[in-house]
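A closer look at the structure
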Amino acid sequence: MEYTLQPDERVSEGIKRIIDGKVERGIEHIDGDMDRHETVHEVRKRCKEVRAAVRLVRPVLPTYSAENAHYRDAGRRISDIRDAQAAIETFDDHVQPMAADHGSLTDETLADLRGILVDRREQVAAEQDLDARLAEVRADLVEGRERVDTLPIATEGYDAVAGGLRKSYKRARNRMDDAYDDPEFERFHEWRKRIKYHRYHCRLLRRVWVGPMKARRNELKTLSDIIGDENDLAEFSIMMHEEELFDGTTRSTLEELITGRRSELHRQGRALGERLFAEHPDELVDRIGSYWDAAQEYDPDP
């Protein structure tokens, strides 16, 4: 089911179609036979996509708070398990290559570190009973799906999405300023979440002008990946220190590498973020509103 509002459908119908499709896909992931840690990742993504859809119409959806909280809490049931797997992916994609290039740790040591992370993931999955958690999330999804047809979206047309679009963009723009004013992990983490919601909204609205909206979404994906890598490295650093996973010398070596890489990612994100969030929120909403009107009146898929 395409994650995009279509020019020939009412906004309420489109949002319900999209939510229903994403919830169904989440259930299929759980019922399928893919690796369970990959299932966790995919199900959490489906919950985030549903939340982005309801956020787009939040000013005209009286039950927004309840729906958002429902899918947020469903995703949180498996967040610790996902974080344990993400630590391994961060090690594979970033930490291990940095350490190998730097020559500061031997291949044998790096293999031992990865083994520690794998054991940690399996312990978390066992303690939290991964299959039971996924069963609980499945029940949440089934419950949420039963309400989709009756979501009380009160307005149609661009008025139904303009307020949510403005809020997601404004928050992402403001969180960028917060992050660079005080570059702590929590602020960059919050900025990344807001970038992703705005990116999802650009995807939902792509049919207003496919080329420019796709280009913006691609640049937002690039920015999200940059800040995501920064977040992953920061979380890895916090985890290894709080849990004292490795010996002190190893932690110091990795911390030096991680700090340097995070600084590079901060610089990369700033240049792209300043471009993507240059417009005042009212200007962006008016511009995309003009695209919407043109698509409705003339060519629905330019």
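Going by the structure above, here's the rest.
This text gives an overview of the structure that appears in the document. (Residues numbered from 1 in each chain as written. Predicted model: local features only at pLDDT ≥ 70, side-chain atom pairs only at ≥ 80, totals over all residues. Heavy atoms only, no water.)

**Thoughts on the pattern of salt bridges**
Inspection of the entire model under this criterion finds 32 salt bridges. The closest approach of N and O atoms between Glu-89 and Arg-82, which form a salt bridge, is 2.9 Å. Classification of Arg-82 as buried rests on a relative accessible area of 11%. Look at the salt bridges and you will find they share partners, linking Lys-22, Glu-42, Lys-45, Arg-46, Glu-49 and Arg-203 into a network. (Salt bridge = Lys/Arg side-chain N within 4 Å of Asp/Glu carboxyl O. Buried < 20%, exposed > 50% of the residue type's maximum accessible area, 1.4 Å probe, protein only.)

**Remarks on unusual backbone geometry**
Positioned with a positive phi, Asp-129 is a non-glycine residue whose angle comes to about 55°. Tracing the backbone shows Asp-129 in the loop between helix H5 (107–128) and helix H6 (130–145). The phi torsion at Glu-244 lies on the positive side, around 50°, for a residue other than glycine. Here Glu-244 shows up in the loop between helix H9 (210–242) and helix H10 (248–276). Residue classification places Glu-244 among the exposed residues on the basis of a relative accessible area of 58%. (Helix = DSSP H or I, 4+ residues; strand = E, 2+ residues; numbered from the N terminus.)

**A few points about the packing of aromatic side chains**
A full pass over the atoms with the stated rule returns 9 aromatic pairs. When the centroid spacing of 5.1 Å and the interplanar angle of 80° are considered together, the rings of Tyr-180 and Phe-188 count as edge-to-face. Here Tyr-180 and Phe-188 have matching classes, each one buried. Ring centres of Trp-209 and Tyr-291 lie 4.9 Å apart, and the angle between their planes is 85°; this geometry places the pair in the edge-to-face category. Taken together, the residues span a long stretch of sequence, with Trp-209 in the loop between helix H8 (185–204) and H9 and Tyr-291 in helix H11 (residues 281–297) at a distance of 82 residues. The exposure class of Tyr-291 is buried, given its relative accessible area of 15%. Directly above the ring of Tyr-197 sits Arg-55, whose terminal nitrogen or CZ lies 4.1 Å from the centroid. Above the face of the Tyr-180 ring, Arg-270 is positioned so that its terminal group lies 4.5 Å from the ring centre. (Phe/Tyr/Trp six-rings, centres within 6.5 Å; stacked < 30°, edge-to-face > 60°. Lys NZ or Arg CZ within 6 Å of the ring centre and 35° of its normal.)

**Quick notes on empty space enclosed by the protein**
A full pass over the atoms with the stated rule returns 1 cavity of 30 Å³ or more. Its volume calculated, the largest cavity comes out at about 70 Å³. If you trace the largest cavity, you find it lined by Arg-55, Arg-58, Gly-164, Lys-167, Ser-168, Arg-171, Arg-194, Tyr-197 and His-201. Elements with a minimum of two residues in the lining of the largest cavity: helix H7 (159–181) and H8. Tallying contributions element by element places H7 first for the lining of the largest cavity, with 4 residues. Of the residues that constitute the lining of the largest cavity, the class distribution is 1 nonpolar, 3 polar and 5 charged. (1 Å grid on protein atoms, 1.4 Å probe; cavity = no way out; pocket = protein on both sides within 12 Å on 5 of 7 lines; lining within 4 Å. Points joined across faces, edges and corners; volume = space filled by probe spheres on them. Nonpolar A, V, L, I, M, F, W, Y, C, P; charged D, E, K, R; others polar.)

**Some points on the environment of Leu-205**
On the secondary structure map, Leu-205 appears in the loop between H8 and H9. Of the residues examined, Leu-205 reaches a relative accessible area of 3% and is grouped as buried. In contact with Leu-205, other than residues within four places in its own chain, are Leu-5, Leu-56, Val-161, Leu-165, Met-213, Ile-288 and Trp-292. (Contact = heavy atoms within 4.5 Å.)

**Side note on the packing of helix H1 (residues 11–31) against H6**
Relative to each other, H1 and H6 sit at 155°, their axes nearing to 10 Å. Accordingly, the angle class assigned to the pair H1 and H6 is roughly antiparallel. You can see that H1 and H6 cross each other, and the crossing is left-handed. Across the interface between the two elements, Asp-20, Val-23, Glu-24, Gly-26, Ile-27, Ile-30 and Asp-31 of H1 pack against Leu-134, Val-137, Arg-138, Leu-141, Val-142 and Arg-145 of H6. Split into classes, the residues belonging to the contact of H1 with H6 amount to 7 nonpolar, 1 polar and 5 charged. (Axes fitted to C-alpha atoms, helices over the stretch in contact; angles between N-to-C directions. Parallel < 35°, antiparallel > 145°, perpendicular 65-115°, else oblique. Left-handed = near helix turned anticlockwise from the far one by under 90°.)

**Considering the nonpolar core**
One finds Ile-19, Val-161, Trp-191, Phe-236 and Phe-277 to be the most contacted residues of the largest nonpolar core, which totals 87 residues. The contact partners of Phe-236, leaving out residues within four places of it in the chain, are Ala-87, Thr-90, Phe-91, Val-95, Leu-117, Phe-246, Leu-254 and Ile-258. (Core = buried A, V, L, I, M, F, W, Y, C linked by side-chain atoms within 4.5 Å.)

**Comments concerning the environment of Asn-231**
Inspection of the secondary structure assignment puts Asn-231 in helix H9. Taking the C-alpha atoms as reference, Asn-231 lies 28 Å from Arg-206; in sequence the two are 25 residues apart. With sequence-adjacent residues up to four places away left out, Asn-231 is seen in contact with Phe-185, Phe-188, His-189 and Arg-192.

**Overview of the side chain of His-29**
Mapped onto the fold, His-29 is located in helix H1. Since its relative accessible area comes to 4%, His-29 is described here as buried.

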